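# Chains, contacts and geometry: an overview
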Amino acid sequence: DNDCIQFKNGHFKYKLDARFPDLYFFVDRQDSIQIETEKKSGKYTKFSVKWTDDCTYEVKMIETTFNFPDSIQKIRREFPFITKIISWNKDYYIFKSSREKTDFVVIDTMWIVH
């Protein structure tokens, strides 16, 4: 049963990685727009979301309040993250993200905020 479409809209959270135990992002996804807000600072990044199939979507940065260097901003605007939802249950989904023209790949957990 392919129920990835349940993740097209919703509220989620994820933890950056173990080196930053307090760094949480809240993700608000409404179909074609996703806003990721860092819990402590309140800084955010707004993305456009394009679903390429039921379990795969691309996010491209529209704007951010994070102070990224111009070179990083340019990459984030031009080359989308391609995210494939691999598996899920009632509490989270596991995803694999990569970015075009880079060797960046991450497999992580997106928690569902009930």
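Here's what I pulled together on the structure shown here.

### Overview of the state of the cysteines
Inspection of the entire model under this criterion finds one disulfide. At a sulfur-sulfur separation of 1.9 Å, the disulfide partner of Cys-4 is Cys-55. An S-S torsion of about 90° defines the bridge between Cys-4 and Cys-55 as right-handed. Placement of Cys-4 in the segment before strand E1 (9–15) and of Cys-55 in the loop between strand E4 (44–53) and strand E5 (56–64) is noted, with a sequence separation of 51 residues between them. Assessed through its relative accessible area of 8%, Cys-55 is described here as buried.

### A closer look at unusual backbone geometry
If a residue is not glycine, its phi is most likely negative; likewise, a peptide bond is most likely trans. Unusually for a residue other than glycine, Asp-31 sits at a positive phi of about 60°. Residue classification places Asp-31 among the partly exposed residues on the basis of a relative accessible area of 41%.

How each quantity is defined
- Residues numbered from 1 in each chain as written.
- Predicted model: local features only at pLDDT ≥ 70, side-chain atom pairs only at ≥ 80, totals over all residues.
- Heavy atoms only, no water.
- Disulfide = S-S within 2.5 Å.
- Helix = DSSP H or I, 4+ residues; strand = E, 2+ residues; numbered from the N terminus.
- Buried < 20%, exposed > 50% of the residue type's maximum accessible area, 1.4 Å probe, protein only.

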